[in-house]
Amino acid sequence: MKTVSSGSTGFVVLRREANEGGFFRPIVKEVVERYLDCGNPRCGFARIRCPDCRDERLLMFSCRTRGFCPSCHAKRIEEWGEWMRETLLLDVPHRQVVFTIPKTLRIFFKYKRRLLGDLCRRALRALTRYFEVVTGSALTPGVIAAIQTFGDRVNLHPPLHFLVTKGGTDATAASPVLMNMSADVFQKIPRIDDSRLTEIFAREVLTFLAGREILSPEWAERILSWRHTGFNVHSLVRTKTKPEAERVGKDIIRPLLALERLTFLEPEGKVGYRWGRDGAEQETMDYLEFIARVTSPIPDKGQVMVRYHGLYANAHRGKVKKASWSPSALRMVEEELRRLPSKGWAEMIRKVYEVDPMACPDSEASRRTDEASP
């Protein structure tokens with residue numbers, strides 16, 4: 001039997017970590033060590049005494065790590081959900097919008113995690129541009145954006161989960177004072193065309209990557225020419241009440257693992273994780289791969305994984321509070337959106353990207369040559 005020293009085992013773990021989630025980061029070691037000491041009385045505890053019966057017990061300190069410790073993260077989710085329902089959410093319908101990028105581009109976000117914030121901003125830009133085109137006005141929605149770096153199989157997968165108000169206020173009423181004067185009109189958007197929002201999102205992301213010289217313009221155009229680009233937007237999950245929105249919000253910041261789906265396959269000496277609807281599918285891996293998968297999504301220190309935009313941005317809520325305006329007094333206006341035909345879609349492309357998709361570049365070049373010739 002071949003023996004493996006602890007040093008070589010550590011090297012294998014680091015190599016697996018690099019393959020699964022990018023370069024090994026010092027924050028991973030720090031978070032894992034804190035997690036191993038979670039609830040350890042040697043790391044500190046508080047003595048609690050009942051003032052009536054004088055009974056005492058010890059309360060061990062927790063690690064309070066983000067997104068890794070199931071116990072600490074579950075407590076964080078409950079506290080955040082209650083704050084979101086009682087303080088943040090407007091009393092309007094919401095929808096969940098999930099943005100997904102193709103597998104060919106995920107490697108860039110694997111090794112450059114700072115790009116996740118830029119990806120989030122591009123998704124928000126695509127959403128607001130879509131609202132502007134289909135309504136004819138610059139609406140300001142309320143958006144809670146959660147950045148995830150893992151999929152259902154505990155694999156590398158950076159989807160963006162947005163909890164979005166089903167509409168927004170007009171830009172002319174962005175100020176709380178103006179909103180009071182305009183009777184606080186909130187324009188509802190009854191539906192989102194996922195396919196058209198997907199195309200806007202794809203162009204935003206590819207334009208950004210090409211501008212940063214991460215992806216060549218030729219590759220960006222090649223991806224857009226594919227029948228299935230790999231970009232996807234899903235917005236079918238909708239809520240009507242604050243408790244429903246809270247449930248969806250808590251789901252978009254869910255922890256990496258569901259412990260009830262985790263099993264140890266003792267005969268094979270491997271780890272099994274059930275995923276999919278009702279855990280019908282199972283992923284089997286050795287313990288080194290499992291460690292690499294569960295540690296790679298750990299966020300960097302100071303990295304913001306939940307962002308607030310529009311009506312939910314800190315700056316906007318500060319203005320509302322300063323003006324003593326009640327955000328619950330919104331007057332709902334719902335206008336059925338007309339189905340955009342192909343000509344309308346061409347107009348959308350023209351307004352958003354300032355390019356006429358119906359004009360042939362070769363014919364346009366020939367026409368300019370004829371006009372220039374004597």
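Residues numbered from 1 in each chain as written. Predicted model: local features only at pLDDT ≥ 70, side-chain atom pairs only at ≥ 80, totals over all residues. Heavy atoms only, no water.

Colleague: Summarise the overall build of the protein; cite the residues concerned and give the values.
Modeller: Broken down by element type, the protein carries 13 helices and 14 strands. When contacts within the protein are restricted to residue pairs at least 6 apart in sequence, long-range pairs at least 24 apart make up 71% of them. Element-wise, carbon and sulfur atoms account for 53% of the exposed surface of the protein, whose accessible area totals about 21,700 Å². (Helix = DSSP H or I, 4+ residues; strand = E, 2+ residues; numbered from the N terminus. Contact = heavy atoms within 4.5 Å. Areas by Shrake-Rupley, 256 points an atom, 1.4 Å probe, with all protein chains shown as cover.)

Colleague: Explain the sheet that holds strand 3 (residues 94-100) to me, and be specific about the residues and the numbers.
Modeller: Pairing within the open sheet is antiparallel, and its five strands lie in the order 9-3-6-5-13. Of all the strands in the sheet, the pair left with one neighbour each is strand 9 (232-239) and strand 13 (306-310). The sheet shows a mean angle of 20 degrees between the axes of neighbouring strands, taken without regard to direction. Along the sheet, helix 5 (residues 115-135) contacts strand 3, strand 5 (142-147), strand 6 (160-165) and strand 13; its crossing angle with strand 6, the most-contacted strand, is approximately 35 degrees. Contacting strand 3, strand 5, strand 6 and strand 9, helix 9 (residues 242-252) crosses the sheet at an angle of about 160 degrees to strand 6. (Pairing = 2+ DSSP bridges. Axes fitted to C-alpha atoms, helices over the stretch in contact; angles between N-to-C directions.)

Colleague: Residue-level account of empty space enclosed by the protein, with values.
Modeller: The tally for this structure, following the rule as stated, stands at two cavities of 30 Å³ or more. If you add up the space inside the largest cavity, you get close to 50 Å³. Forming the boundary of the largest cavity are ten residues, of which Val154, Asn155, Leu156, Arg293 and Ser296 lie nearest the centre. Within this model, the second largest cavity holds a volume of roughly 40 Å³. Forming the boundary of the second largest cavity are Arg106, Phe109, Lys110, Arg113, Leu116, Thr149, Leu156 and Pro158. In terms of residue count, the dominant contributor to the lining of the second largest cavity is helix 4 (residues 106-111) (three residues). The class makeup of the residues in the lining of the second largest cavity is four nonpolar, one polar and three charged. (1 Å grid on protein atoms, 1.4 Å probe; cavity = no way out; pocket = protein on both sides within 12 Å on 5 of 7 lines; lining within 4 Å. Points joined across faces, edges and corners; volume = space filled by probe spheres on them. Nonpolar A, V, L, I, M, F, W, Y, C, P; charged D, E, K, R; others polar.)

Colleague: An account of a nonpolar patch on the surface is needed here, citing residue identities and associated values.
Modeller: Nonpolar side chains collect at one region of the surface, where Phe45, Leu58 and Met60 lie side by side and expose about 250 Å² of accessible area between them. Positionally, Leu58 belongs in strand 2 (residues 56-60). (Patch = residues over 30% accessible without salt bridge, like charges linked within 9 Å, V, L, I, M, F, W, Y side chains within 5 Å. Salt bridge = Lys/Arg side-chain N within 4 Å of Asp/Glu carboxyl O.)

Colleague: Got a sec to walk through the packing of aromatic side chains? Specific residues and values, please.
Modeller: Taken as a whole and judged by the stated rule, the model has seven aromatic pairs. Centre to centre, the rings of Phe201 and Phe231 are 5.7 Å apart; their planes meet at 85 degrees, and the pair counts as edge-to-face. Of the two residues, Phe201 is situated in helix 7 (residues 194-211) and Phe231 in the loop between helix 8 (217-225) and strand 9; the sequence distance between them amounts to 30 residues. This pair shows no difference in class: Phe201 is buried, exactly as Phe231 is. Aromatic ring contacts, followed pair by pair, group Phe99, Phe162, Phe201 and Phe231 into a single cluster. Positioned over the ring face of Trp275 is Arg153, at 5.9 Å from the centre of the ring. Geometry around Trp219 places Arg222 over its ring, the cationic atom sitting 4.5 Å from the centre. (Phe/Tyr/Trp six-rings, centres within 6.5 Å; stacked < 30°, edge-to-face > 60°. Buried < 20%, exposed > 50% of the residue type's maximum accessible area, 1.4 Å probe, protein only. Lys NZ or Arg CZ within 6 Å of the ring centre and 35° of its normal.)

Colleague: Could you give me a rundown of the packing of helix 3 (residues 70-88) against helix 9, with the residues and numbers involved?
Modeller: One way to put it is that helix 3 packs onto helix 9 with a least axis distance of 9 Å and a crossing angle of 145 degrees. Judged by the twist between their axes, the crossing of helix 3 over helix 9 is right-handed. Every residue of helix 9 that contacts helix 3 at Ile77, Glu78, Trp80, Gly81, Glu82, Met84 and Arg85 is listed here: Lys242, Ala245, Glu246, Gly249 and Lys250. (Left-handed = near helix turned anticlockwise from the far one by under 90°.)

Colleague: Can you tell me about the side chain of Glu246, naming the residues and giving the values?
Modeller: Among the structural elements, Glu246 can be located in helix 9. Each residue touching Glu246, except ones within four places of it in the same chain, is listed here: Gly81, Glu82, Met84, Arg85 and Leu89.

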